[in-house]
Amino acid sequence: MLPEIRLMGDVDVAALSPLLRGMIVTISYADTHNGIGLTATGAMNRKFVHWAAVHFDWPGYTSEDLYRMNKVLNEADMPPLWVVRDMVRHLKLLRRKKDVLLPTKRGQDFLARPQAFFDLIATDYLYAYIHHGQTQEAVRNRMRWWHVFLNLNNMKAETGCSLDDLANELYPSESYPEPAEMTVETWAERSSLRYDIIRPLCWLGLLHEERKGLTIWQHGTYHKTPLWPACLKLESDMHSEFILH
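Starting from 1, residues in each chain are numbered consecutively following that chain's sequence as written. Local features in this predicted model are restricted to residues whose pLDDT is 70 or higher, and side-chain atom pairs enter the listing and the counts only when it is 80 or higher, whereas totals over whole chains, interfaces and linings include all residues. The side-chain figures draw on all heavy atoms in the structure; neither hydrogens nor water molecules are used.

The next subject is the nonpolar core. The biggest cluster of nonpolar side chains holds 67 residues, and the ones touching the most others in it are Leu19, Met23, Phe110, Phe118, Ile121, Ile198 and Leu201. Each helix is a run of DSSP H or I of at least 4 residues and each strand a run of E of at least 2, with the numbering of both proceeding from the N terminus. At the level of elements, helix 2 (18-32), helix 3 (46-55), helix 5 (79-90), helix 7 (118-128), helix 9 (146-156), helix 10 (163-170), helix 11 (184-204) and helix 12 (227-231) are the ones that each hand at least two residues to this core. The split into domains, and so the bounds of each, comes from an automatic or database assignment of domains. Counting residues domain by domain, this core receives three or more from each of domain 1 (13-120) and domain 2 (132-242). Every residue pair with non-hydrogen atoms within 4.5 Å of one another is taken to be in contact. The residues contacting Met23, other than those within four sequence positions of it, are Val84, Met87, Val88, Leu91, Leu93, Phe110 and Ile121. Here, nonpolar core refers to any group of buried Ala, Val, Leu, Ile, Met, Phe, Trp, Tyr and Cys residues whose side-chain atoms link them within 4.5 Å. Each residue is placed in one exposure class: buried if its accessible area under a 1.4 Å probe, protein chains only, is under 20% of its type's maximum, exposed if it is over 50%, and partly exposed if it falls in between.

This part is about the packing of helix 2 against helix 5. For any two helices packed against each other, the geometry is given by the interaxial angle and the distance between the axes. All axes are obtained by fitting lines to C-alpha atoms, using only the stretch in contact for helices, and the reported angles, taken between N-to-C directions, cover 0 to 180 degrees. It is the contact of helix 2 with helix 5, at a shortest axis distance of 9 Å, that shows an interaxial angle of 70 degrees. The orientation of helix 2 with respect to helix 5, classified from their angle, is roughly perpendicular. Taken together, the residues of helix 5 that come into contact with helix 2 (itself represented by Leu19, Gly22, Met23, Thr26 and Ile27) are Val83, Val84, Met87 and Val88. Note on terminology: angles under 35 degrees are roughly parallel, angles over 145 are roughly antiparallel, angles of 65 to 115 are roughly perpendicular, and the others are oblique.

In this scheme, strands are said to pair when DSSP sees at least two bridges between them. Strand order across the open sheet formed by 3 strands is 1-3-2, with antiparallel pairing between neighbours. A single partner strand is all that each edge strand has here, and the edge strands are strand 1 (36-37) and strand 2 (94-97). As paired elements, strand 1 and strand 3 (residues 100-103) share 2 bridges and run antiparallel to each other. Directly across from Ile36, in strand 3, lies its bridge partner Leu101.

What follows concerns the packing of helix 2 against helix 6 (residues 105-112). In contact at an axis separation of 10 Å, helix 2 and helix 6 are set at 120 degrees when each is read in the N-to-C sense. Accordingly, the angle class assigned to the pair helix 2 and helix 6 is oblique. Between helix 2 and helix 6 the crossing geometry is left-handed. Between helix 2, through Leu20, Met23, Ile24, Ile27, Ser28 and Asp31, and helix 6, the contact on the second element is made entirely by Gly107, Gln108, Phe110 and Leu111. In this count, Pro and Cys sit with the nonpolar residues alongside Ala, Val, Leu, Ile, Met, Phe, Trp and Tyr, while Asp, Glu, Lys and Arg are called charged and the others, Gly among them, polar. Grouping the amino acids of the contact of helix 2 with helix 6 by side-chain chemistry returns 6 nonpolar, 3 polar and 1 charged. Two helices that cross are described as forming a left-handed crossing if the nearer one is turned anticlockwise from the farther one by less than a right angle, and a right-handed crossing if clockwise.

Salt bridges are defined by distance alone: a side-chain nitrogen of Lys or Arg within 4 Å of a carboxyl oxygen of Asp or Glu. In total, this model carries 10 salt bridges according to the counting rule given. Between Arg6 and Glu4 there is a salt bridge; the shortest N-O distance is 3.5 Å. As a salt-bridge pair, Asp164 and Arg190 come within 2.1 Å of each other at their nearest N and O atoms. One end of the pair, Asp164, is in helix 10; the other, Arg190, is in helix 11, and 26 residues separate them in sequence. With relative accessibility at 30%, the residue Asp164 sits in the partly exposed group.

As a further point, take the environment of Leu150. Relative to the helices and strands, Leu150 resides in helix 9. Take Leu150: its relative accessible area is 0%, and that puts it in the buried class. For the pair Leu150 and Gly42, spaced 108 residues apart in sequence, the C-alpha to C-alpha distance is 37 Å. For Leu150, the contacting residues outside a window of four places in its chain are Pro3, Tyr127, Leu201, Trp228, Leu232 and Leu234.

Averaged over all residues, the pLDDT of the chain equals 90, while 91% of them reach at least 70. pLDDT is defined as a per-residue confidence score from the predictor, taking values between 0 and 100. Ignoring residues within four places in sequence, the model shows residues 241-245, a span with pLDDT below 50, making 2 contacts including any to other chains.

To continue, consider unusual backbone geometry. Residue Lys92 is not a glycine yet carries a positive backbone phi of 60 degrees. Examined against the element boundaries, Lys92 turns out to sit in the loop between helix 5 and strand 2. At Lys98, a position not held by glycine, the phi torsion is positive, near 60 degrees. In this fold, Lys98 is placed in the loop between strand 2 and strand 3.

Laid out in structure tokens, this is it:
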């Protein structure tokens, strides 16, 4: 059974969740700029993409990060924008009218009280959303393991953990050598752990990756944010308390 995500604590969700924050500023922009313009192919236009790059405040995808890779930004150059657009469309917060995206009545309700939508957003995004490069079958198969992933992170990320720490717990019979010595299977496991499990938890705002002083190629240390205990109650909570005391 999937662990329930239900906001119970008094936290500033928008400050902690890049996804919720991105959805808020996107719909707010559409509300105050007479919509978000679309290109001939239906993508969000460059004017909005450039604005989003500055205002999303998305870890790992700041305007400096994005412009370091591309001098001109299109929607395809900003991965967080793919997720935000998919989620606002899935939840019917924006609607298309000719060549612009406009807020729906539900979108206006979302702007008025975004935290009231968090449980639905978090559940759909974490458990059912299909990221670029994933398959529906893989997402469906992963559902029965989310209680394992969440309980493991609940204990390990309490005081900070690395990708290797998590991988060694999930795959104890395997060793994780230096990158140059890894097999294809090991790379695949680490990639799946990072992009299918850890990144969604970070983008949702349940985990934060500490990257100070690291290069783009290095992995950081993951910590739970205040949003984690505010919306998740897990079997391992007592174990985490025991470790801390």
